[in-house]
Structures are given as C-alpha cells and as structure tokens.
Amino acid sequence: MVTDIKDTAHAVDAAAVMRLLPTRPRLLALGEPTHGEDALLDLRDGVFRPLVEQEGYRTIAIESDCMMGLVVDDYVTSGTGTLDEVMERGFSHGFGASAANRELVRWMRAYNDGRPASERLRFAGFDGPLEITGAASPRQALTALHGCLAARVDADLLPCTAETLDRLLGADDRWTDPAAMTDPSRSVGRSAEAGRLRLLADDLVALLDAQTPHPITATSRDEWDRARLYGRTATGLLRYHHGMADTSPSRMARLIGLRGRMMADNLLALAERGPALVHAHNLHLQRDRSTVRMGGRPLEWRSAGAIVSAHLGEEYAFLATALGTIRHRGVDTPPPDTVEGLLYALPEDRCLIGVPRLAAALGDARPAPRVSAYHGYIPFDPDHLAGSDGIVFIKDIPQS
C-alpha cells in the first residue's frame, strides 16, 4: 500500500487536538494500546498540562480504582498524607509504581498549592474496585454511604443500621476470594446476605437522591459527589459479585460489561463537574465494540467510551494511541500495509493524525490489521478509524 499521508500529521499538543474537534469536549479521552510504559504516560501528561493552562481543564481521570483515587484527590487538593503514601495506597493495577504517575501527582499538588478551591486540579480513578483476580468487598463503599446519610437524615429514614450492614457483610475475605474469579461456586454474590445487601444499597441510594438538594446546600457539592460515588460503587460491586456467581456461558462477557458500566457511570458523573482528560486503554474508551480474548474465548462488550459517547455526543471525544515498536516486549517494526506501518513511515517520532484527512488519503485502500505476539499490546483496528476523532502515534517506545 503506497499512500502519502504526510499532510495529515500534526504536533501532539493541546492546541492541535482542539483544532481537530468541533467543540471543546467535556470528556477528552486519550487511549493507550498497552499498559506499563511510562512513555505513554509522559505523552498523556504533556497533553494534560496545556489543557489545564490553555483550555480550562481541571480534572484528570485514569483507569484506576475509583475509591483509591480519593486518596490521590485528597492529596493533590489539600496535601493530605505524603507522596509516598499516596503512591502506595492511591492506585490500583500496580500503577502507583510508575515514575510518570508519581510525577503527575507531584505536579498537580505543586500546581494547587496556594490556589483557591475553584481553580484546583482534581484527580479521579474511574475504574471500579476490580482486579483481574476478582473484586473488592462492598464494605468500604456501602458503610461510607450509610455514614454520610446517617449524619444528615433522621435515623428512622434509614433502611437499616450500621450493625445490620456489618452482620450481612461478614468477613471481607469471603468477598475477595481469588478462586471465585474462575469458580462461581466460591462466590458469595448470590447468597441470601448478598441479596439483602443489594436491596439495602438500592434503598440507600434512593434515599440519597430523595434528599437532593439538601446534601448539597447543607454541606458541599464535593461531599455530595463523594456520597454518590459511594452509592455507585456499592451497587456496582454487589452487581458484579452477583455476576461472579453466575454459572452460564455468558458469565465473563457479563462481568466485563458490568465493569464497563461502572466506568461509564463514573465518567458521566465527572462530566457534570467540568472538562476532564480521561486516560485508559483504548478498549475502554473507544466508541466501537470492544473485543478481547479471555480464557481462550473471544469476549465482546460495549465499552465505557461507547456508553458515554451515546450520552454526551460531541461533548465526548476519543483519541486512540497507536505505536510502532516496543522492542523490549518483542514488538518490532510494523508491516507497511497496516495503520501503524503507514504512520511509522512518517518522519516524526510522535504525531497527531486527523482521522477524516487520513481516511481521505487512504481512499478505497483498507489497511491490514496488525498482529502482535505480545499479549499485553493490542494493535489499532483499522475498522475503528471512523469511530476515532484522531490518532496519536508514537514511533518507538523505549524501555521504562
């Protein structure tokens, strides 16, 4: 395939990104095709800082546990804790070990120092409290939600006492047993106690909603937002544990779809607060149907990006990131007939590609899909061109 696409490439900066889009999005999603490479996070941060300084963005949200993310947000907004503690307790998926994530948190704290609350940067995790090995106990979110309401409403309005929740929850290791991920019989998600907890969680969330706008006017918008996060997380985790006890062939597809729903709900809540940069794997942010192989079987689901895009329209924008090589992972120069191969022939080490102009340059030619032997890297799917607002391309990823 011989195609001249030199005129489609731009420098990767906030101004160039905004020129690609019809309007400033409330959620600007930047994907990545693999995890664990600081070069991708350095690029993310290089986009975020000008978005803050030039475009009024005040929040960054990453693919990390939403409850743990509160630890980071407390630190960057008010200096609670130390940087070391925050990196240890504020990230899931091992992301706290990243030097790039550490520098992001340090920079956000320094930026906020001395600024009024309205101008401070905010941090959020938007994933559920989930790992590949299982899910967290709903205890933290459920008891926190109950505590928020108990401090603000008459006791007789509460559907239960804190002691009832504690008894029904039982020991946390019942919920976090890693064997439940592959053996539904080990899950407590469909026990009588779990069923009762799902009803109580729903009642607590309904009570919180019914009290609006009192929680906002009586305390602060931030506290109300946090209570809503507790509610989403409690109900989402109980729903996820219920799915873990499923014995049907669709079990894993249902679980990955539930995770996407939790992500989407958190992103839609963040969109209410103002413009945010969102960073996660391409699979979680793309508008097209996502596909992955798990346990030897292909799974398909509508990602958080697909759900959020349906709600926000043009106020959601998605930039996919593609890359040329990760030689330390065995990912070598891409074939020239793939999207990555076409972009690898450009002289720039990194560039931003406008998808409509790229599609026009390709004409009727269809790039071939790239195949990678490294399971941790998912190449760009050429069928997803129309669903992307742009492609950020990095030619070579150095070893972190």
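Residues numbered from 1 in each chain as written. Predicted model: local features only at pLDDT ≥ 70, side-chain atom pairs only at ≥ 80, totals over all residues. Heavy atoms only, no water.

Colleague: Explanation requested: the domain arrangement of the protein in the structure shown.
Modeller: By convention, interface size is frequently given as the accessible area that disappears when the constituent parts associate. By domain assignment, the protein separates into domain 1 (1-57 + 275-399) and domain 2 (133-273). Using C-alpha coordinates to define each centre, domain 1 is positioned 33 Å away from domain 2. Every contact between the two is made by 14 residues of domain 1 and, on the other side, 14 residues of domain 2. Between domain 1 and domain 2, roughly 1,300 Å² of surface is buried when both sides are summed, and carbon and sulfur atoms account for 80% of that area. The interface formed by domain 1 and domain 2 includes zero salt bridges. Seen at the junction of domain 1 and domain 2, the total is one residue pair in polar contact (both at pLDDT 80 or more). Among the elements of the structure, β8 (290-294), β9 (297-301) and α13 (304-312) are those that each provide at least two residues to the side of domain 1 that touches domain 2. Examining the composition of the side of domain 1 that touches domain 2, we find that five residues originate from one element, α13, more than from any other. Here the side of domain 1 that touches domain 2 is built from residues that sort into ten nonpolar, two polar and two charged. (Domains from an automatic or database assignment. Contact = heavy atoms within 4.5 Å. Buried area = accessible area lost by both parts, 1.4 Å probe. Salt bridge = Lys/Arg side-chain N within 4 Å of Asp/Glu carboxyl O. Polar contact = N/O pair within 3.5 Å; in protein donor to acceptor, adjacent residues only side chain to side chain. Helix = DSSP H or I, 4+ residues; strand = E, 2+ residues; numbered from the N terminus. Nonpolar A, V, L, I, M, F, W, Y, C, P; charged D, E, K, R; others polar.)

Colleague: Honestly, the packing of helix α3 (residues 69-78) against helix α5 (residues 99-112) in this entry has me stumped. Any pointers?
Modeller: Relative orientation and spacing of two packed helices are given, respectively, by the angle between their axes and the distance between those axes. For the pair α3 and α5, the least separation of the axes is 7 Å and the interaxial angle reads 40°. In this structure, α3 uses Val72, Tyr75, Val76, Thr77 and Ser78 to contact α5, whose residues at the interface are Val105, Met108, Arg109 and Asn112. Considering only residue class, the contact of α3 with α5 consists of five nonpolar, three polar and one charged. (Axes fitted to C-alpha atoms, helices over the stretch in contact; angles between N-to-C directions.)

Colleague: Explanation requested: the environment of Arg44 in the structure shown.
Modeller: On the secondary structure map, Arg44 appears in helix α2 (residues 38-55). A relative accessible area of 1% means that Arg44 is categorised as buried. The spatial distance from the C-alpha of Arg44 to the C-alpha of Met18 is 15 Å, given a sequence separation of 26 residues. Arg44 has contacts with Leu30, Ile60, Ile62, Ala100, Asn101, Leu104, Leu277 and His279, leaving out every residue within four places of it along the chain. (Buried < 20%, exposed > 50% of the residue type's maximum accessible area, 1.4 Å probe, protein only.)

Colleague: Looking at this structure, how should I read empty space enclosed by the protein?
Modeller: To find leftover empty space, one rolls a probe the size of a water molecule over the atoms. For the structure shown, the criterion picks out two cavities of 30 Å³ or more. By volume, the second largest cavity amounts to about 30 Å³. As for the second largest cavity, its lining consists of Val12, Val17, Leu28, Leu30, Val47, Leu277, Leu319 and Val392. Each residue belonging to the lining of the second largest cavity can be placed in one class, and the counts come to eight nonpolar, no polar and no charged. (1 Å grid on protein atoms, 1.4 Å probe; cavity = no way out; pocket = protein on both sides within 12 Å on 5 of 7 lines; lining within 4 Å. Points joined across faces, edges and corners; volume = space filled by probe spheres on them.)

Colleague: Looking at this structure, I do not really get the environment of Glu55. What am I missing?
Modeller: Secondary-structure assignment places Glu55 in helix α2. Separated by 200 residues in the primary sequence, Glu55 and Leu255 place their C-alpha atoms 37 Å from one another. Look past the residues within four positions of Glu55 in its chain and what remains in contact with it is Met18, Arg24 and Pro50.

Colleague: Hey, could you run me through the environment of Gln286 in this one?
Modeller: You can see Gln286 is positioned in the loop between α12 (282-285) and β8. As for Gln286 and Arg302, which are separated by 16 residues in sequence, their C-alpha atoms are 9.0 Å apart. When sequence neighbours within four positions are dropped, the list of residues in contact with Gln286 reads Ser303, Gly305, Ala306, Phe318 and His384. A distance of 3.2 Å separates a polar atom in the side chain of Gln286 from a polar atom in the side chain of Ser290.

Colleague: Teacher, can you tell me more about the pairing of strand β11 (residues 350-354) here?
Modeller: Across a regular strand the side chains alternate sides, sitting on one face of the sheet and then on the other. Most of β11 is tucked away: four of the five residues are buried. Sheet topology note: the strand β1 (residues 9-10)/β11 ladder contains two bridges and is antiparallel. Bridge assignment links Ala9 to a residue of β11, and that residue is Ile353. Relative to strand β12 (residues 390-396), β11 runs antiparallel, the two sharing five bridges. Within β12, the residue paired with Leu352 across the bridge is Val392. (Pairing = 2+ DSSP bridges.)

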